[in-house]
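A closer look at the structure
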Amino acid sequence: TTRATTTRAMSTTTRATAVVGAARAPRVGRAKARTRMPTDKSTTRRATRANASDDAETGTAVDGRKSASIRGVTTTTGEAVSDGPRPMLMVDLAAGTVKFAPTKRQKSQATAKKDQAVKRVSVEMKTKGNVVIGVLEEEDVDDATNLVMDLFFKVRPQDILAKNRLRGEQAKRVRMGLLDGVKTAEDRILISAKVGNVLVGISEVSLPNGNRYGADKLQPRAPRDKAYLSDVCVSPTQRGRGIGRQLVLAAECAMANMGETILYTHTKVDNEAAQILFEKCGYEEPPEVKAKLTSAQIAQRSSKNNPFAKLGLVEVGHILLAKPLTNSDLPP
């Protein structure tokens, strides 16, 4: 019995040893792989300095054990590294933060075409200084959101206690829409006006059959198969300098460059400043639209000075305007 027990114990020990040996086998292989690296400290320092010198030219990051090329070939361990854009860091010394800058993805052909339709120009304003008109950039989306909210967000008296919550929710939707228009949308163009590095105005123009974010429900309705201008806004501190006119003109030029022959827009009945701007730019209410106004729409127009309308308790309605796009009316 003793011999049998001893034999079984030895057999079990042998099997356990074999299993342990099998489990450790790959570690031996890895240990051998590491033995190929320099072991002498001075040799290691020389190799690191040599690698650092090469890396200054090739853009390779080295941590002393394995290196990965940013441009992407292989590592010293033989691992493949995929090609990709170099990471860019945005450092804010005042806030003490470091973050990755957004990478610009390659634009589709349709997106590139609509961006090229907007020519970046610097225009002298009525008063001293110049304004730069161009495509809205992703870095200006937050400022554009604040501008839109300050000019267009209104709350009804019964919702005054929820004003902050409603504004936050609306601002989130506006930002998402602007960001989509800048990065991915192919059916609309966002145009910006900047004085120096400060965003002072924006406008948006939708291509035929493009997304109008609720404007397609306004009465009288604008034709879906025509270009549509919306959200022309200028910072109150910059009004009277001709910036709004330049934003409208940039939208007209963009649509003309894309082959469109007419541009539609809406203004609210009580927005006299917008009506004056579009009238100066050559927009008129189409006679066929004016002839089909309902009695309710006519009554809305007469309510623009109604105090209840200013409080948001009565809908004042909208006016549909249009302008033919002819090359003679547009700058070269």
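A separate point is the overall build of the protein chain. A tally of regular secondary structure across the protein chain gives ten helices and eleven strands. Expressed as a percentage of the 332 residues in the protein chain, the buried residues total 31%. Sequence-distant contacts, at least 24 apart, represent 61% of the contacts inside the protein chain between residues at least 6 apart. With an accessible surface of roughly 21900 Å², the protein chain has 54% of that area assigned to carbon and sulfur atoms.

Turning next to the nonpolar core. Core analysis: the largest hydrophobic core is formed by 32 residues, its most contacted members being I189, I191, L229, I243, M255, L263 and Y283. Every element with two or more residues in this core is listed here: strand 6 (130–135), strand 7 (188–195), strand 8 (198–206), strand 9 (227–234), helix 6 (243–257), helix 7 (272–280) and strand 11 (318–324). Counting residues per element, this core draws most heavily on helix 6, which supplies seven residues. Excluding residues within four positions of it along the chain, L263 makes contact with V205, A227, Y228, L229, E252, M255, Y283, L321, A322, K323 and L325.

What follows covers the packing of aromatic side chains. The relation between two aromatic rings is expressed through the spacing of the ring centres and the mutual angle of the planes. Scanning the model with the defined rule gives one aromatic pair in all. Taking 5.3 Å as the distance between ring centres and 75° as the angle between the ring planes, the aromatic pair formed by F278 and Y283 counts as edge-to-face. Given the relative accessible area of 5%, F278 is considered buried.

A word on the confidence of the model for the protein chain. Of the residues in the protein chain, 64% have a pLDDT of 70 or more, and the chain-wide mean is 75. Throughout residues 1–39 the model reports pLDDT below 50, and contacts reaching past four residues in sequence, or to other chains, amount to five contacts. Low pLDDT (under 50) marks residues 52–84, which in the prediction has 38 contacts with non-local residues, meaning those over four places away or in another chain.

On to the sheet that holds strand 5 (residues 121–124), then. Taking strand neighbours across the sheet as the criterion, the seven strands line up as 5-6-7-8-9-10-11 in an open arrangement whose pairing is mixed. Each of the sheet's edge strands pairs with one partner strand only, and the pair in question is strand 5 and strand 11. Each strand axis lies, on average, 25° off the axis of its neighbour in the sheet, ignoring direction. Both strand 5 and strand 6 contribute to a ladder of four bridges, which runs antiparallel. Opposite V121, over in strand 6, you have I133 as the bridge partner. Together, strand 5, strand 6, strand 7, strand 8, strand 9, strand 10 (262–268) and strand 11 form the strand contacts of helix 6, whose direction differs from that of strand 9 by roughly 160°. Those strands touched by helix 7 are strand 9, strand 10 and strand 11, and its axis lies near 160° from that of strand 10.

Turning to its location among the elements, E315 is positioned in the loop between helix 10 (307–310) and strand 11. For E315 and Q300, which are 15 residues apart along the polypeptide, the C-alpha to C-alpha distance reads 7.1 Å.

In this section: the pairing of strand 10. Judged by how many residues are buried, strand 10 sits mostly within the fold: six of seven residues are covered. As paired strands, strand 9 and strand 10 are joined by three bridges and run parallel to one another. Residue A227 lies in a different strand from strand 10, and its bridge partner there is L263. Note that the unit made of strand 9, helix 6 and strand 10 has a crossover that is right-handed. Of the strand pairs in this sheet, strand 10 and strand 11 are connected by seven bridges, and their pairing is antiparallel. Bridging across to strand 11, L263 finds its partner in K323.

Two numbers describe how helix 4 (residues 141–152) lies on helix 5 (residues 163–183): the axes approach to 9 Å, and their chain directions differ by 130°. As the angle between them shows, helix 4 and helix 5 are arranged oblique. Here helix 4 runs over helix 5; the crossing is right-handed. Each of V141, D142, A144, T145, V148, M149 and D150 in helix 4 lies in contact with helix 5, whose residues at this interface are R167, Q170, A171, V174, R175, L178, L179 and V182. Considering only residue class, the contact of helix 4 with helix 5 consists of nine nonpolar, two polar and four charged.

Reading the values: the criteria
- Residues numbered from 1 in each chain as written.
- Predicted model: local features only at pLDDT ≥ 70, side-chain atom pairs only at ≥ 80, totals over all residues.
- Heavy atoms only, no water.
- Helix = DSSP H or I, 4+ residues; strand = E, 2+ residues; numbered from the N terminus.
- Buried < 20%, exposed > 50% of the residue type's maximum accessible area, 1.4 Å probe, protein only.
- Contact = heavy atoms within 4.5 Å.
- Areas by Shrake-Rupley, 256 points an atom, 1.4 Å probe, with all protein chains shown as cover.
- Core = buried A, V, L, I, M, F, W, Y, C linked by side-chain atoms within 4.5 Å.
- Phe/Tyr/Trp six-rings, centres within 6.5 Å; stacked < 30°, edge-to-face > 60°.
- pLDDT = per-residue confidence, 0-100.
- Pairing = 2+ DSSP bridges.
- Axes fitted to C-alpha atoms, helices over the stretch in contact; angles between N-to-C directions.
- Right-handed = clockwise from strand over helix to strand, strands pointing away.
- Parallel < 35°, antiparallel > 145°, perpendicular 65-115°, else oblique.
- Left-handed = near helix turned anticlockwise from the far one by under 90°.
- Nonpolar A, V, L, I, M, F, W, Y, C, P; charged D, E, K, R; others polar.

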